[in-house]
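Close look at the chain arrangement
What follows is each chain in one-letter form.
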Amino acid sequence: MLRSALKLALIQRSVALYNFKEGVRPSLASVVRLNQQHYASTAAKTQERDVEPEAEKPTKPKVVQEKVEAEVEAAPSAGTKSFGFGMFMGQVAPEQVFPFPEVLDEEQKEFLQMLVDPVDKFFQEQNDALKNDMIEKVDDPTMQGLKEMGAFGLQVPQKLGGLGLSNTQYARLVEIVGEYDLGVGITLGAHQSIGFKGILIAGNPEQKAKYLPKLATGETVAAFCLTEPASGSDASSIKTRAVLSDDGKHFILNGGKIWISNGGLAEIFTVFAQTPLPDGKGGTKDKVTAFIVERSFGGVTNGPPEKKMGIKASNTAEVYFEDVKIPLENVLGEVGGGFKIAMHILNNGRFGMAAALSGTMKGVIKKAADHAAARTQFGEKIHKFGAIQEKLARMAMMQYVTESMAYMISANMDQGSKDFQLEAAISKIYGSEAAWFATDEAIQILGGMGYMRDCGVERVMRDLRIFRIFEGTNDILRLFVALTGIQFAGKNLQELQRALKNPLSNMGVITAAATKRIKRKLGLSSGPSLQQYVDPSLSSQSTQVSKAIDQFGGTIEDVLMKHGKKIIEQQFLLKRVADAAIDIYGMVAVLSRASRSIQRGDKTADYEKMICTVFCNEASERVTSNLATATSGKDDFKLMRDIAEEVVQKNQVVQDHPLGF
């Protein structure tokens, strides 16, 4: 009887997961459209795509495919080494996280050490962040100095005039930039992290040879042109168009882009535009194509610099394209393959943001700690007060987590990993929110002094606000993390699906899955063991991580069974799933790094152990809470939805004033 019940439960689970796997390919665009349709019914809508179901097949559920351009990247195969994807299956993929990866050889370390001190000295002595903020540009001597140092071509191969840095070396230098001046950081990042990154990773040899040498020296500056007035997170809805000329020798580009970093400085633009392609039915269908556009082509203009809350030193402007003739050889990648290139560029650059923000946190922690050590109130140095101690401890802990994530991901990339999109998105979310928290707390510790311009922290606060918005808003990236991971989980339960078709021959697989599920439900499962990978002194933290991963995998199965392909509509739930994933990855990153420090006998090993202990204690509690909320179907979700609906309908707060007028 029990065996029959278990088999039925497993069949139900398998069908639910199969329906999700085959029934929908979740997309950022579709998620955003659902959100817009629900909360902004009076706003202009992105044009609806048709949905065409395939013919019903007797052997498997009906397949429904959304016709959208912007899809969540295809999930990797079951053999991926990505820890991020593995945890959605309740599994540990240890290779990329244990031991903490070290990828620099002695020559690379020596070269990097030769760069670190001069770059740090340059930002301390020559760059004036307050001045840059006031004049709303990077002053000319600083720009020239950056070019002379090679800062405009950090990852361009040396044979093409750059420094040829690895991702890990690059992370170390942008960390320094992030500590001193995020405005300069955006100027450099917009140029190389996204501006010409497409040429670097998708360009052909001729394109690289033509453009990268001048870009590496800063003789020409690059910009990344994707965002438009009607398309922010929904990149597939861009309106800029490129049509093949009558003679077939050029694409003719028309349209405009907004909020383009370096838009007023750039000579080279990576531009994304809709291009009509044959649809195989005698008509055409628009697909996004990436182009390398030179200002010298003619027809390229820009608006005045935008007035911004922060990162004022960086140039941000609208860019317009009017009948721009683009040679065929300036197509980047394949015609119609632009969206994948855009996503690859953004995924590739996010780890650098985490590295830069870990540097930002270092800077504000220094100022806060210095003030706390010097300031006396009520007869005591304020660092003796528990309220201040908790602030400093959390700031330091969050900086350590961000730094650990950044260098784990950069090392994975240097080791050749291709499946780092989840980890990179997680690091961007966590780093941008941690830096905001740390800077806010630094101002609180500094008191009135922190609020003053000359202190420099209020500028950092203004600069930081954009990091939760650009290169993928944190809200959209949370949905990306959750949906991409869930898609992977649904795709990779095929073994169980196949086993259930022939249960007598696969009783071992079925029994193992059933036993695992029962243990989870009874609270007896301890999850995949990490003991062999961590220092024995961190065994309790290792157990916390193992249980969190096991709980997480079980929750993913549960929400798929409950919601099936409608999971993309459950944004309240998906946010909790993403938050749990972020905490689990953070736990693994600090557990791995602290274990390495203890085993090597590093002088900061005890300090790192304390950070690991506190973070894992708190993160494991957050994971449990978020997963419980995700599966409970709280009525609060519906109430919040209804509250938001009323606010949107009234376009203001809804309640009457307490005074009645």
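In short, a report on the structure. (Residues numbered from 1 in each chain as written. Predicted model: local features only at pLDDT ≥ 70, side-chain atom pairs only at ≥ 80, totals over all residues. Heavy atoms only, no water.)

A word on the packing of helix α8 (residues 182–195) against helix α11 (residues 338–374)
Where α8 contacts α11, the two axes come as close as 11 Å, and the packing angle between them is 160 degrees. With respect to α11, the axis of α8 lies roughly antiparallel. Taken as a pair, α8 and α11 cross one another with a handedness that is right-handed. Contacts between α8 and α11 pair L182, S193 and I194 from the former with I345, L346, G349, L357 and T360 from the latter. The residue inventory of the contact of α8 with α11, partitioned by class, reads five nonpolar, three polar and no charged. (Axes fitted to C-alpha atoms, helices over the stretch in contact; angles between N-to-C directions. Helix = DSSP H or I, 4+ residues; strand = E, 2+ residues; numbered from the N terminus. Parallel < 35°, antiparallel > 145°, perpendicular 65-115°, else oblique. Left-handed = near helix turned anticlockwise from the far one by under 90°. Contact = heavy atoms within 4.5 Å. Nonpolar A, V, L, I, M, F, W, Y, C, P; charged D, E, K, R; others polar.)

Concerning empty space enclosed by the protein
The full count for this structure, using the stated rule, is two cavities of 30 Å³ or more. In this structure, the largest cavity occupies an estimated 40 Å³ of space. Listing elements by their share of the lining of the largest cavity, those giving two or more residues are α8 and α9 (197–202). Residues of the lining of the largest cavity, tallied by class, amount to five nonpolar, three polar and one charged. (1 Å grid on protein atoms, 1.4 Å probe; cavity = no way out; pocket = protein on both sides within 12 Å on 5 of 7 lines; lining within 4 Å. Points joined across faces, edges and corners; volume = space filled by probe spheres on them.)

Brief notes about the pairing of strand β7 (residues 284–294)
Pairing analysis gives 11 bridges linking strand β6 (residues 268–278) to β7, with the strands arranged antiparallel. Looking at β7, one finds that Q274 is bridged to V288. Once β6 ends, the chain turns through five residues before running back antiparallel as β7, passing G280 with a positive phi of about 80 degrees. Bridging between β7 and strand β10 (residues 331–332) involves two bridges; their strand directions are antiparallel. (Pairing = 2+ DSSP bridges.)

Thoughts on the packing of aromatic side chains
In total, this model carries 13 aromatic pairs according to the counting rule given. Geometrically, the ring pair formed by F122 and F123 is edge-to-face, given 5.5 Å between the ring centres and 80 degrees between the ring planes. The exposure class of F122 is buried, given its relative accessible area of 9%. Grouping aromatic residues by their ring pairs yields a cluster made of F122, F123 and Y180. (Phe/Tyr/Trp six-rings, centres within 6.5 Å; stacked < 30°, edge-to-face > 60°. Buried < 20%, exposed > 50% of the residue type's maximum accessible area, 1.4 Å probe, protein only.)

Digging into a nonpolar patch on the surface
On the surface, a nonpolar cluster with roughly 320 Å² of combined accessible area is contributed by L639, I643, V647 and V654. Mapped onto the secondary structure, V647 falls in helix α22 (residues 635–650). (Patch = residues over 30% accessible without salt bridge, like charges linked within 9 Å, V, L, I, M, F, W, Y side chains within 5 Å. Areas by Shrake-Rupley, 256 points an atom, 1.4 Å probe, with all protein chains shown as cover. Salt bridge = Lys/Arg side-chain N within 4 Å of Asp/Glu carboxyl O.)

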